[in-house]
Amino acid sequence: MTLISDHENTQNPPSIQPIPADRVWEMLKAIDIAMLVTRSSEGIRGRPMSTIPSPEKGVIYILTESDSSAARDIRVDGRVFLAYQGRGDHVALEGQATVNPEQGLVKDLWNPGAQMFWPRGPEAHDVVTLVIDPGHADVWDGPGLLRGIAEIVAGAVKGRSPDLGTRGEADL
């Protein structure tokens, strides 16, 4: 992938640097909501979903209803894309997803957020687990909001591009 800069004094990096997988998992755990993109016969579709990263198992879980569009799409084509945006950190990753109807797994993953969406419990709402095996991730490991603003202001004052973090990639 070639990076293009619109700034005269900003050099494009010669290559994208590897980011340790552990750092990427930390970022995923710190960002609750991701945009889950699936494919269907009608095209691609994205929707915000709460994710439950499990670095120990090397997967990302998402709870949803059995008849949700996400579950229906994944049953036909398990290729997915997840986009995370935190306070300076961004992760875009591809993965392979399956729908796991096992209620024991749903109960193990049940949390206060799930209870808010499905107040009568997982059985009453036919909740299933999307299990995503992540592959390649593109990452921007950036500063928090205040440091990012300070970097932008300092760059403008000094006539240089701000340091807004590290661009990298990882295979999970």
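Below is a summary of the structure that appears in this document. (Residues numbered from 1 in each chain as written. Predicted model: local features only at pLDDT ≥ 70, side-chain atom pairs only at ≥ 80, totals over all residues. Heavy atoms only, no water.)

**Considerations on the overall build of the protein**
Of the regular secondary structure elements, the protein holds five helices and nine strands. Mapped in sequence order, the helices and strands of the protein form the string β-α-β-β-β-β-α-β-β-α-α-β-α-β. Expressed as a percentage of the 172 residues in the protein, the buried residues total 39%. Taking as baseline every contact in the protein between residues at least 6 positions apart, the subset at least 24 positions apart corresponds to 66%. Total accessible area on the protein is roughly 10,200 Å²; 54% of this is exposed by carbon and sulfur atoms. (Helix = DSSP H or I, 4+ residues; strand = E, 2+ residues; numbered from the N terminus. Buried < 20%, exposed > 50% of the residue type's maximum accessible area, 1.4 Å probe, protein only. Contact = heavy atoms within 4.5 Å. Areas by Shrake-Rupley, 256 points an atom, 1.4 Å probe, with all protein chains shown as cover.)

**Things to note about the side chain of His125**
Along the polypeptide, His125 turns up in the loop between helix H4 (112–117) and strand S8 (127–141). Since its relative accessible area comes to 19%, His125 is described here as buried. Of the polar contacts made by the side chain of His125, one reaches the backbone nitrogen of Arg120; its length is 3.4 Å. Ignoring anything within four residues of it in the chain, the contact list for His125 reads Glu65, Trp118, Pro119 and Arg120. (Polar contact = N/O pair within 3.5 Å; in protein donor to acceptor, adjacent residues only side chain to side chain.)

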